[in-house]
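Residues per chain are reported as follows:
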Amino acid sequence: PLAWRDAVQDALLANDYQGALAILRDVQQQQPENPEIIAAITRTQLAMGDWREASQTLAELPEHISAEEDIRRLADEIVIARRADGVRDTAVVKSALDEKPDDLGLRLELARAAAADRDFDTALEQYMAIMRTDRNYGEDAGRTGLISVFELLGSGDTRVQQDRRQMADLIN
């Protein structure tokens, strides 16, 4: 019964995302409300860069499943992926920011790209720099970006505890 996990893992290791999704969809037919399968489908869709499809997968879930911790974290990952849609590669943005260190647009682009790449230290650093420079920039993009990363990392992460204090100091 758990052989599907190995088959999905093998497909993902071979970068066969469509194959992994096909396996997961077959298993989902038999277990339509299994949160582990739904999470695996959503993670695979995100790995493919398809945050829209991942969002749709979660939107169709019943409330009792969408409230589970793992599923809520995936929703946060989708928010981060959506914000990074169309953002250039982090190395390109870092290079541009080196040339124009006061450009908050570039800083925001770097924060979003870093968050999507799961480089949370860089993302937190850049979002915090935006807040320090211009609290209201991009409709409060620094604060909302920080909160998105905080939710993804969870309250037990030491970076979250430290940066929440810094954010509170900047707000007050």
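Before reading on, note that the structure itself is shown above.
Residues numbered from 1 in each chain as written. Predicted model: local features only at pLDDT ≥ 70, side-chain atom pairs only at ≥ 80, totals over all residues. Heavy atoms only, no water.

### Considerations on the environment of A22
Turning to step 1, where the next piece is worked out: Note on placement: A22 falls in helix α2 (residues 17–30).
Turning to step 2, where the next piece is worked out: A residue is classified by how much of its surface remains accessible, and A22, at 40% relative accessible area, is partly exposed.
Turning to step 3, where the next piece is worked out: It is 31 Å that separates the C-alpha atoms of A22 and S148, two residues lying 126 residues apart in sequence. (Helix = DSSP H or I, 4+ residues; strand = E, 2+ residues; numbered from the N terminus. Buried < 20%, exposed > 50% of the residue type's maximum accessible area, 1.4 Å probe, protein only.)

### Quick notes on helix α11 (residues 158–171)
Turning to step 1, where the next piece is worked out: Here α11 spans 20 Å end to end across 14 residues, near enough to the 20 Å set by a 1.5 Å rise per residue.
Turning to step 2, where the next piece is worked out: Every buried residue belonging to α11 is among V160, D163 and M167, and all of these are buried. Along α11, the residues classed as buried sweep out an arc of 80° about the axis, all on the same side. Opposite the buried face of α11, at more than 90 degrees from it, the exposed residues are T158, R165 and D169. (Expected span 1.5 Å × (residues − 1). Arc of directions from axis to C-beta.)

### With respect to unusual backbone geometry
Among all residues except glycine, the phi angle is most often negative; among peptide bonds, the trans geometry is most common.
Turning to step 1, where the next piece is worked out: Notably, R118 is not glycine yet its phi reads approximately 65°, a positive angle.
Turning to step 2, where the next piece is worked out: In this model, E139 sits at a positive phi of 55°, which is unusual for a non-glycine residue.
Turning to step 3, where the next piece is worked out: As for its position among the elements, E139 is in helix α10 (residues 137–153).
Turning to step 4, where the next piece is worked out: Classification of E139 by relative accessible area gives exposed; the value is 75%.

### So, the pattern of salt bridges
Turning to step 1, where the next piece is worked out: Scanning the model with the defined rule gives 11 salt bridges in all.
Turning to step 2, where the next piece is worked out: Of the charged contacts in the structure, one is a salt bridge between D140 and R135, with a shortest N-O distance of 2.6 Å.
Turning to step 3, where the next piece is worked out: Looking at D140, the relative accessible area reads 13%, which means it is buried. (Salt bridge = Lys/Arg side-chain N within 4 Å of Asp/Glu carboxyl O.)

### Some thoughts on the side chain of T57
Turning to step 1, where the next piece is worked out: Structurally, T57 can be placed in helix α4 (residues 51–59).
Turning to step 2, where the next piece is worked out: Dropping the residues within four chain positions of it, T57 is found in contact with R25, I38, I41, T42 and Q45. (Contact = heavy atoms within 4.5 Å.)

These results come straight from atomic positions and should not be treated as a statement about function.
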